[in-house]
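Listed below, chain by chain, are the residues.
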Amino acid sequence: MKTDRQELLCVNVDKVYDWIVNEASFELTLVDEALPEDLECDDFDTADVTCEVTPSSVDILEREDRTFIIDGAETILQLVSIRKNFTLTLFIPTNLNTLEEIELDLSRCEQVILCAPEGTEIDVTYTDADCFICTLTCDPGDTSFGATIDAIINVSLCQSIQSTFPVTVEVLTEFCEPRENLPTPCPAPIRPPQCPVIFRSSEEEGEE
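Every residue gets a number counted from 1 within its own chain, in the order that chain's sequence is written. Confidence filtering applies because this is a predicted model: local features only for residues at pLDDT of at least 70, side-chain atom pairs given and counted only at 80 or more, and all residues used for totals across whole chains, interfaces and linings. In computing side-chain properties, one takes all heavy atoms of the structure into account and sets aside hydrogens as well as water.

(A) Quick peek at the pattern of salt bridges. Here, a salt bridge means any side-chain nitrogen of Lys or Arg that lies within 4 Å of a carboxyl oxygen of Asp or Glu. In the structure shown here, the tally under the stated rule is four salt bridges. Linking Asp59 and Arg83 is a salt bridge whose minimum nitrogen-to-oxygen distance equals 3.2 Å. Here the residue Asp59 occupies a position in strand S2 (residues 50-70), and Arg83 occupies one in strand S3 (residues 73-93), the gap between them amounting to 24 residues. A salt bridge links Lys84 to Glu110; the shortest N-O distance between them is 2.4 Å. Within this pair, whereas Lys84 is found in strand S3, its partner Glu110 is found in strand S4 (residues 99-114), the two being separated by 26 residues in sequence. Each helix is a run of H or I in the DSSP string that is no shorter than four residues. Each strand is a run of E no shorter than two, and both are numbered from the N terminus.

If you want it as structure tokens, here you go:
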């Protein structure tokens, strides 16, 4: 039942057709990756090298209709091919108290089953992105080639994948009201502290 405070509104929202949350992990292998200029193997301890992975963009490569039997009913879902792009940064603390960095752009592909017909958008967000270095070795090189590293790095992702489509819906709702102002009482009068050691009241002097 509609009240005087309510109004029937039309609002634009994104309808969620499907939504999954999963964990994905993969290994990245680096071979003969060049060190920053003038950095040598003796300038750092390989055990001190750390990494950080930062998601950048997502590309939807393809979506293909597939037929499934779910709870005894035939339904058509989509096999969605996704390419996820990242920046991997290696942090190398040196013996000279400086921090060198190596930035690498990388991509990994994944396929998921979604209700995602043509026209829907595929949104991938990450609740966590982490990495750790499994192995790392440094090759000092020679006069022709500078120092390089070989590494195996594990990357793990917690991700939310949704298929959405913008729709206009009717909503019976009430308008929001502003909250009341917080009370701000005036402070009590402040009196400076007295000096009873050198200036005592007459009552205190009579007690002696």
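Anyway, onward from the coordinates.
(B) Inspection of unusual backbone geometry at higher detail. The residue Asp32 is not glycine, and still its phi comes out positive at about 55 degrees. Tracing the sequence through the fold places Asp32 in strand S1 (residues 6-34). Here the phi dihedral of Asn97 falls at roughly 60 degrees; this positive angle occurs in a residue that is not glycine. Tracing the backbone through its elements, the reader meets Asn97 in the loop between S3 and S4.

(C) Spotlight on the side chain of Asn154. With respect to the helices and strands, the residue Asn154 is situated in strand S6 (residues 148-174). Residue exposure (1.4 Å probe, protein chains only): buried if accessible area is under 20% of the type maximum, exposed if over 50%, otherwise partly exposed. Among the residues examined, Asn154 registers a relative accessible area of 18% and is labelled buried.

(D) Representation of the sheet that holds S3 within the structure. Sheet architecture is open: three strands sit in the order S2-S3-S4, paired in antiparallel fashion. Unpaired on one side and paired on the other, S2 and S4 mark the two borders of the sheet. Strand after strand, the sheet turns through a mean of 10 degrees between neighbouring axes, direction not considered. Strand direction decides the pairing type here: S2 and S3, joined by 18 bridges, are antiparallel. Bridged to Ile60 within S3 is Ile82. If DSSP finds at least two bridges between two strands, the strands pair. Angles here are taken between N-to-C directions and fall from 0 to 180 degrees, while the axes themselves are lines fitted to C-alpha atoms, restricted in helices to the stretch in contact.

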